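Per-entry structural report
Letter by letter, the chains look like this.
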Amino acid sequence: MRKIHVIGIGAGDPDQLTLQAVKALRSTDVFFILDKGEVKADLTGLRRDMLDTHVPPGTYRVVEARDPERDRSAGGAAYSPAVEDWRSARAGIYERLIAEELGEEETGAFLVWGDPSLYDSTLGILEEVLERGAVAFEYDVVPGISSVSALVARHRTGLNRVARPVQITTGRRLAEGFPEGVDDVVVMLDARQVFRRFAQEDVDIYWGAYIGTPDEILISGPIAEAAPRIERLRAEARERKGWIMDTYLLRRNPRD
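Here's a quick rundown of the structure. (Residues numbered from 1 in each chain as written. Predicted model: local features only at pLDDT ≥ 70, side-chain atom pairs only at ≥ 80, totals over all residues. Heavy atoms only, no water.)

**As for the sheet that holds strand β4 (residues 107-112)**
Selection criterion: Note on pairing: two strands pair once DSSP finds at least 2 bridges between them. Strands are runs of DSSP state E lasting at least 2 residues, helices are runs of H or I lasting at least 4, and numbering of each runs from the N terminus. Convention adopted: a line fitted to C-alpha atoms gives each axis, helices being fitted over their contacting stretch, and angles between N-to-C directions are expressed from 0 to 180 degrees. The contact definition used throughout considers only heavy atoms, calling two residues in contact when any of these lie within 4.5 Å.
The parallel open sheet is built from five strands, whose spatial order is β3-β2-β4-β1-β5. Strands with a single pairing partner mark the edges of an open sheet, and in this sheet they are β3 (61-66) and β5 (137-142). Averaged over all pairs of adjacent strands, the angle between strand axes in this sheet comes to 25°, irrespective of strand direction. Bridge count between strand β2 (residues 30-35) and β3: six bridges; the pairing is parallel. From the neighbouring strand, D35 faces β3, where its bridge partner is R66. Each of β1 (2-8), β2, β3, β4 and β5 touches helix α3 (residues 79-101); the most contacted strand, β2, lies at about 150° to it.

**Description of the pattern of salt bridges**
Selection criterion: One speaks of a salt bridge when a side-chain nitrogen belonging to Lys or Arg is within 4 Å of a carboxyl oxygen belonging to Asp or Glu. Each residue is assigned to one of three classes by its accessible area relative to the maximum for its type, calculated with a 1.4 Å probe on protein chains only: buried under 20%, partly exposed between the two thresholds, exposed over 50%.
Per the stated rule, a full pass over the model turns up 16 salt bridges. Residues D67 and R90 are paired through a salt bridge, measuring 2.8 Å at the closest nitrogen-oxygen approach. Linking D67 in the loop between β3 and α3 with R90 in helix α3, this pair joins segments that are 23 residues apart in sequence. Each member of the pair D67 and R90 is classed as buried. The shortest N-O distance in the salt bridge between R234 and D246 comes to 2.8 Å. Residue R234 is found in helix α7 (residues 223-241), and its partner D246 is found in strand β10 (residues 246-252); the two are separated by twelve residues along the sequence. Summarising the burial analysis for this pair, R234 and D246 share the class buried.

**Some words on the packing of α3 against helix α4 (residues 122-132)**
Stated formally: Orientation is classified from the angle alone, with under 35 degrees giving roughly parallel, over 145 giving roughly antiparallel, 65 to 115 giving roughly perpendicular, and any other angle giving oblique. It is the rotation of the near helix from the far one that decides the hand of a crossing: anticlockwise by less than a right angle makes it left-handed, clockwise makes it right-handed. In the scheme used here, Gly and all other residues not listed as nonpolar or charged are polar, with Ala, Val, Leu, Ile, Met, Phe, Trp, Tyr, Cys and Pro taken as nonpolar and Asp, Glu, Lys and Arg as charged.
Here α3 crosses α4 at 65°, and the two axes come no closer than 9 Å. Relative to α4, α3 is oriented roughly perpendicular. Remark: the crossing between α3 and α4 carries right-handed chirality. Of the residues in α4, those touching α3 at R87, S88, R90, A91, G92, Y94, E95 and I98 are T122, G124, I125, L126, E128, V129 and R132. Residues belonging to the contact of α3 with α4 are distributed by class as follows: six nonpolar, four polar and five charged.

**A word on α4**
Heads up, the condition is: The directions considered for the arc are those from the helix axis to the C-beta atoms.
Regarding α4, the residues found buried are T122, I125, L126 and V129. One face of α4 carries all of its buried residues, which in axial projection span an arc of 100°. Contacts from the buried residues of α4 go to β1, α3, β4 and β5. After α4 finishes, the residue G133 shows a positive phi value of roughly 80°.

Next comes the structure, spelled out in structure tokens:
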């Protein structure tokens, strides 16, 4: 029976790998990496750096495939179908890689940024591959340090306050306003910088981009003061690298 590890590799720093992740890396015969193109080639490079750091050379092989494009212009009712189409296209690639590149008694691995359980599609895609029935395998999941955990650690703060909830959401959802009854909100996948609409409220932001990598940028403070700097540095970084991955925590201060 083929075996697959789904390994959370942290937010980018090779030192963030857990001992369990390193053990899984060293038991892997084939690493599958989806290439996102020249613009994001450094993401592939970071994965290879982790392998070079933690796995003896000559004990594994790397198989790359091109990641399918997703229709990022789809909005409203078309958003979910566009994501499902992209996931199905990925499932086809995963199915082919496992069937053609992994021997029946070998172990393969997918290296997942952050933690596989948080805003990542790998687990759902593997389940879709199994449901298709063309290739059989078993898989396990190794948790990783998410960008959320790394963000608050770098800012030396916590996710929640005493007796208060915290919610993780997307920029698309935040555009509808703060979740009811929640004053601490972690926001991921916000290409439109929705935090700006709260600049007139008593809200602090803890923002980070490229967390855990040499390009890391961290900014915190009241949104009214921090937003202009975030916008400027974010635009400069995106222009320089061609892409950006950022996450932030919004903390609404108590109202009298």
